[in-house]
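A structural walkthrough
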Amino acid sequence: MGAGRAVLLVLGLAVDIVALGGAPRPATAAPPTLRELAAARGIRIGAAISSAATLGDPTYAQVLSSEFDIAVSENQMKWGLIHPAPATYDYVDPDAQVAFAQAHGMAFRGHNLAWHNQNPAWLLAGPFTRDERIQQLRDHIHTVVGHYAGQLSEWDVVNEAFDGLADPAHDPWSSQIGFPDYLDVAFTAAHEADPSAKLFYNDYLIEAPGPRFDQVLALVAGLKARGVPIHGVGFQAHQGARPCDASCANDALTNMLRLHALGLEVAITELDVAVQLPATPAKLDEQASVYRALLQACLLAPNCHTFVMWGFTDTYSWIPALRPGYGAALPFDEQYQPKPAYAAMADTLANPPGPPSCAAYRTQPEAQAAFASGILGAPLLDPDGNGVACESLPVPTTVPVPSVVPAFTG
Ligand code: 9MR
């Protein structure tokens, strides 16, 4: 656990003590909400808001604001909705969502500024020259990010760049500005418009080691090397229900630590876990194990501070419409009752996994290899909290480069 996380943890406990006036919590008190539990761990936990209209439903609004302390627009900040005509920006719905969040002490993520999907027809029509495309992208980002400057904690600047590369007819950015050049343009413009916002590259199926993650790692390493203002990578985490144990958490943690070694943060940005319908208790338990594993990874990684789901109630989820036969993907059911996934997250936040010990790094070949290859770098300098850096431990001189970091027992 990094020093920053430890300080936040202490602050979280301090807040709790102040709120209770130093007295023990009464036996009849309601159990803590996810947002209270997450605050004590130094992370934000959140959900996408499916539309501005849903905020008018008192139950929806109550659960959203009591359980979560960060929100994101599921669709309302995408080009097609926020910039429907060349000279028209429509902030009505996203402004209502941001205002709701502010009124309830919640942070807000912006999503997204450059994608190959949900673009307005006028944008795809053209013809436009490369210079005009660059200007278009910069103007849009300056305008939208500028509109919310100082109010949004994070932005997904570029979304799913590799899918866009494979779909040039719908991706004016890679096809006309060039890849990865347009990412440099987009991140630079976003930083100019709001230097206080953390800027993310966002993608899916990167929660475990593999070629997709390697591709993303190379992309963001390039951005960092060129001095482009990027702060992190969003793991969308659209998952399927399956039995998950510590290996799921280790997979995600491995990727998080590799990004940490580049000086980048990670945010879980769109987590949901699709269940093949009908949902049974056994399938919901499997689903809960996936939620648990990803939250464990986020709590273990020193660079993961945001954990956001793509909605929170099964009443509003993109999955049944876009993946027929699947659904029930979120932690509350259609009656806003918490599911096993909710309990798993609450339990994980209340009883977080401990970081691997220095002893593990000393004895496990994978760990030694990780240190030798520099993959772990700074993140686990002092996992035992005793002032001893694992890096100072002796490591063999010839070791293979590992594909995974050591398992934790959590
Ligand atoms: O949840 C969104 C859904 O309402 C839209 O119809 C869909 C259009 O592609 O986009 C969904 O959100 C996506 C997000 O913006 C990017 N990552 C994948 C999400 C789920 O498809």
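This report concerns the structure included in the present document. (Residues numbered from 1 in each chain as written. Predicted model: local features only at pLDDT ≥ 70, side-chain atom pairs only at ≥ 80, totals over all residues. Heavy atoms only, no water.)

**Describing the site of the ligand**
Filter applied, for reference: Throughout, the term near means that a residue has one or more heavy atoms lying within 4 Å of the molecule or strand in question. Within 3.5 Å is the distance limit for a polar contact, defined as a pair of N or O atoms, with the added protein rule that one can donate a hydrogen and the other accept it, and that residues adjacent in sequence qualify only through two side-chain atoms. Accessible surface area values rest on a Shrake-Rupley calculation with a 1.4 Å probe, where residue burial reflects the displayed protein chains alone. Residues are sorted three ways: Asp, Glu, Lys and Arg are charged, Ala, Val, Leu, Ile, Met, Phe, Trp, Tyr, Cys and Pro are nonpolar, and all the rest, Gly among them, are polar.
Surveying the vicinity of the ligand reveals 14 residues, the closest of which are Glu-74, Lys-78, His-111, Glu-270 and Trp-310. Taking Gln-118, its side chain carries an N or O atom lying 3.4 Å from an oxygen atom of the ligand. One of the side-chain nitrogen or oxygen atoms of Gln-236 is found 3.1 Å away from a nitrogen atom of the ligand. The protein chains hide 82% of the 460 Å² of surface that the ligand would expose on its own. By residue class, the composition of the shell around the ligand is 3 nonpolar, 7 polar and 4 charged.

**A few points about the pattern of salt bridges**
Spelled out, the test is: Should a side-chain nitrogen of Lys or Arg be within 4 Å of a carboxyl oxygen of Asp or Glu, the pair is scored as a salt bridge. A helix here means a DSSP run of H or I that spans at least four residues, while a strand means a run of E at least two residues long, and both kinds are numbered starting from the N terminus.
Within the structure shown, the criterion is met by 11 salt bridges. One salt bridge connects Asp-69 with Arg-44, and the closest N-O pair in it is separated by 3.8 Å. A residue pair is termed long-range when its members are at least 10 positions apart, and Asp-69 in the loop between helix H3 (58-67) and strand S2 (70-73) and Arg-44 in strand S1 (residues 44-49) qualify at 25 residues. Here Arg-258 and Asp-214 are joined by a salt bridge, their closest N and O atoms 3.6 Å apart. Here Asp-214 lies in helix H11 (residues 211-225) and Arg-258 lies in helix H12 (residues 246-260), a separation of 44 residues in the sequence.

**A closer look at the packing of aromatic side chains**
Quick note on the threshold: A pair of Phe, Tyr and Trp rings is counted when the ring centres sit within 6.5 Å of each other, with Trp represented by its six-membered ring. The angle between the planes then sorts it: under 30 degrees is stacked, over 60 is edge-to-face, the rest tilted. Using a 1.4 Å probe on the protein chains alone, a residue whose accessible area is under 20% of its type maximum counts as buried, one over 50% counts as exposed, and one in between counts as partly exposed.
One pass over the structure, following the stated rule, counts 12 aromatic pairs. Between Phe-68 and Phe-312, the ring centres sit 5.7 Å apart and the planes meet at 50 degrees, which makes this aromatic pair tilted. Taken together, the residues span a long stretch of sequence, with Phe-68 in the loop between H3 and S2 and Phe-312 in the loop between strand S9 (304-309) and helix H14 (319-322) at a distance of 244 residues. On the basis of relative accessibility, which here comes to 1%, the residue Phe-312 falls in the buried class.

**Here we look at the nonpolar core**
Note the cut-off: In this description, a nonpolar core means a group of buried Ala, Val, Leu, Ile, Met, Phe, Trp, Tyr and Cys residues linked to one another through side-chain atoms lying within 4.5 Å.
By size, the foremost hydrophobic cluster in this structure holds 101 residues, and its most contacted members are Leu-64, Phe-68, Trp-155, Val-158, Phe-187, Tyr-201 and Phe-307. Per-element tally for this core: the top contributor is helix H13 (residues 281-300), with 10 residues. Ile-70, Val-72, Val-308 and Trp-310 belong to the second-largest nonpolar core, a separate cluster that totals 6 residues.

**Comments concerning the packing of H12 against H13**
Each packed pair of helices is defined by two parameters, the angle between the axes and the distance between the axes. As a reminder of what qualifies: Where helices are involved, their axes are fitted lines through C-alpha atoms of the stretch in contact, as for all axes, and angles between N-to-C directions lie from 0 to 180°. If you view the pair so one helix is near and one far, a crossing is left-handed when the near helix is turned anticlockwise from the far one by less than a right angle, and right-handed when it is turned clockwise. Should any heavy atoms of two residues lie within 4.5 Å, those residues are counted as being in contact.
Closest axis-to-axis distance for the H12/H13 pair is 8 Å, and the angle between their directions is 40 degrees. The chirality of how H12 crosses H13 is right-handed. Packed against H12, whose contacting residues are Cys-248, Ala-249, Ala-252, Leu-253 and Met-256, the element H13 presents Ala-293, Leu-294, Gln-296, Ala-297, Cys-298 and Leu-300 at the interface.

**Some thoughts on the pairing of strand S4 (residues 154-159)**
Rules: One requirement defines pairing of two strands: DSSP has to find at least two bridges between them.
For S4, the buried fraction is high: 6 of the 6 residues fall into the buried class. Pairing between strand S3 (residues 107-114) and S4: 4 bridges, direction parallel. From the neighbouring strand, His-111 faces S4, where its bridge partner is Asp-156. Note: S4 against strand S5 (residues 198-203), 5 bridges, orientation parallel. Along S5, the bridge assignment pairs Asp-156 with Phe-200.

**Looking at the state of the cysteines**
This is how it is decided: Cysteine sulfurs are considered disulfide-paired once they come within 2.5 Å of each other.
In this structure the tally under the stated criterion is 2 disulfides. Covalent S-S linkage joins Cys-244 and Cys-248, the inter-sulfur distance amounting to 2.0 Å. Residues Cys-244 and Cys-248 are joined by a disulfide whose S-S torsion is about -85 degrees; by sign, that bridge is left-handed. You'll find Cys-244 and Cys-248 in the same group, each marked buried. Each sulfur of the disulfide joining Cys-298 and Cys-304 lies 2.1 Å from the other. Since a negative S-S torsion denotes a left-handed disulfide, the Cys-298-Cys-304 link at about -95 degrees is left-handed. We classify Cys-304 as buried; its relative accessible area is 0%.

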